Amino acid sequence: MLLEEAGFRFIEMLYLPEFDLSTLDAASNDGNLQIVRATQADLPQVLQIAGTAFRNERFHIDPRLSPELSDRRYQSWARSSLRHPTQQLFVISDGEKKVVAFFVTELLSDGTCYWHLNAVAPEYQGNGYGRRAWSAMLEHARVNGARRVRTSIVARNHRVLNLYARLGFRFPPPLMTFHWVRPA
């Protein structure tokens, strides 16, 4: 209430799911998806996904911010990860360059693979690609030396929340996000 009295507005509850990779059953990954480090040639497909897949996150929920600004934020984030010194941008494909998802990851010094940003292309959502891509990325993290995976998701994104629960992620206590926008 003190924050809201100062002009902050509650926006979301944020979960920080984590997965201990020592418990990963490699058989859960069907192996049919290809994971490759993104190149400049992949960027148009990644930016298309980044500009359309995020509808539950805080910048889309805050009515004081334009949806276009939110879309550009996620596109800028994905674009900058291509040349980021520690983050890596991966595309997940099913067959002939059919990019179904992307992930921005970072391997931290404590053995955590942090998933900064990830999404399934809206046209492929609801077809099992979420579970397949996330399972493949868990195996990818394990093979590349990570001991755990950690990420953040908003509580209102119930489809992704259910995906993480089905995959066996653990959920520490949530956080709250507040926005403050300078009065006009």
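For the structure, see preceding data.
Report follows, based on the coordinates. Since this is a predicted model, take the numbers as computed values, not measurements.

Analysis parameters
- Residues numbered from 1 in each chain as written.
- Predicted model: local features only at pLDDT ≥ 70, side-chain atom pairs only at ≥ 80, totals over all residues.
- Heavy atoms only, no water.
- Axes fitted to C-alpha atoms, helices over the stretch in contact; angles between N-to-C directions.
- Helix = DSSP H or I, 4+ residues; strand = E, 2+ residues; numbered from the N terminus.
- Parallel < 35°, antiparallel > 145°, perpendicular 65-115°, else oblique.
- Left-handed = near helix turned anticlockwise from the far one by under 90°.
- Contact = heavy atoms within 4.5 Å.
- Pairing = 2+ DSSP bridges.
- Core = buried A, V, L, I, M, F, W, Y, C linked by side-chain atoms within 4.5 Å.
- Buried < 20%, exposed > 50% of the residue type's maximum accessible area, 1.4 Å probe, protein only.
- Right-handed = clockwise from strand over helix to strand, strands pointing away.
- Salt bridge = Lys/Arg side-chain N within 4 Å of Asp/Glu carboxyl O.

## A closer look at the packing of helix 5 (residues 129-143) against helix 6 (residues 158-167)
A pair of packed helices is captured by two measures, namely the crossing angle of their axes and the spacing between those axes. Orientation of helix 5 relative to helix 6, taken along the N-to-C sense of each, is 50 degrees, at an axis distance of 10 Å. Judged on the interaxial angle alone, helix 6 and helix 5 are oblique. Considering how the two elements wind past one another, helix 5 and helix 6 form a crossing that is right-handed. Residues Gly130, Arg131, Trp134 and Ser135 of helix 5 form the contact with helix 6, whose own contacting residues are Leu163, Tyr164, Arg166 and Leu167.

## Quick notes on the sheet that holds strand 9 (residues 175-179)
Two strands in a sheet stick together by hydrogen bonds in their backbones, pointing the same way (parallel) or opposite ways (antiparallel). Strand order in the open sheet formed by 3 strands is 8-1-9, with antiparallel pairing between adjacent strands. Pairing within the sheet leaves two strands with one partner each, and these edge strands are strand 8 (153-154) and strand 9. Note that strand 1 (residues 9-15) and strand 9 share 5 bridges and pair antiparallel. Directly across from Met13, in strand 9, lies its bridge partner Met176.

## Observations regarding the nonpolar core
For soluble globular proteins, nonpolar side chains are generally found buried alongside one another. With 45 residues, the main nonpolar core has Phe102, Trp115, Trp134 and Val149 as its most contacted residues. Contributing elements (two or more residues each) for this core: helix 2 (43-50), helix 4 (67-81), strand 4 (87-93), strand 5 (99-107), strand 6 (112-120), helix 5 and helix 6. Here Trp134 is in contact with Phe103, Trp115, Asn118, Ala119, Val120, Leu163, Tyr164 and Leu167, once residues within four sequence places are set aside.

## Observations concerning the sheet that holds strand 2 (residues 18-20)
Read across the open sheet, the 6 strands follow the order 2-7-6-5-4-3; overall the sheet is mixed. Looking at which strands have only one partner, the edges of the open sheet turn out to be strand 2 and strand 3 (34-37). If you compare each strand with its neighbour and ignore which way they point, the axes differ by 25 degrees on average. By the bridge criterion, 4 bridges tie strand 6 to strand 7 (residues 148-151) in an arrangement that is parallel. Bridge pairing links Tyr114 to Arg150 in strand 7. Against the sheet, helix 2 touches strand 4, strand 5 and strand 6, its axis set at about 90 degrees to strand 5.

## Section: the side chain of Ser93
When you line up the elements, Ser93 lands in strand 4. By relative accessible area, which is 6% here, Ser93 ends up buried. Ser93 has contacts with Asn32, Leu33, Gln34, Lys98, Val99 and Val100, leaving out every residue within four places of it along the chain.

## Considering the environment of His158
Relative to the assigned elements, His158 resides in helix 6. In the structure, His158 is positioned 11 residues away from Arg147 in sequence and 26 Å away in space, judged by C-alpha atoms.

## With respect to the pairing of strand 7
Only one face of strand 7 is covered, namely the one carrying Val149 and Thr151; the face carrying Arg148 and Arg150 has none of its residues buried. Looking at chain direction, strand 2 and strand 7 are connected through 3 bridges and run antiparallel. Bridging from a neighbouring strand, Asp20 pairs with Arg148 of strand 7. The handedness of the strand 6 to strand 7 crossover, carried by helix 5, is right-handed.

## Brief notes about the pattern of salt bridges
If you walk through the whole model with that rule in mind, you get 5 salt bridges. Here Arg170 and Glu18 are joined by a salt bridge, their closest N and O atoms 2.5 Å apart. Here Arg170 is found in the loop between helix 6 and strand 9, whereas its partner Glu18 is found in strand 2, with 152 residues between them in sequence. You can call Arg170 partly exposed: its relative accessible area is 48%. Note on Glu18: relative accessible area 17%, which makes it buried. One salt bridge in this structure joins Arg148 and Asp110, with 3.9 Å as the shortest N-O distance. Here Arg148, found in strand 7, pairs with Asp110, found in the loop between strand 5 and strand 6; they are 38 residues apart in sequence, far enough to count as distant. Arg148 sits in the partly exposed class, given a relative accessible area of 22%. Each of the salt bridges in this network shares a partner with another, and the network as a whole consists of Glu18, Arg150 and Arg170.

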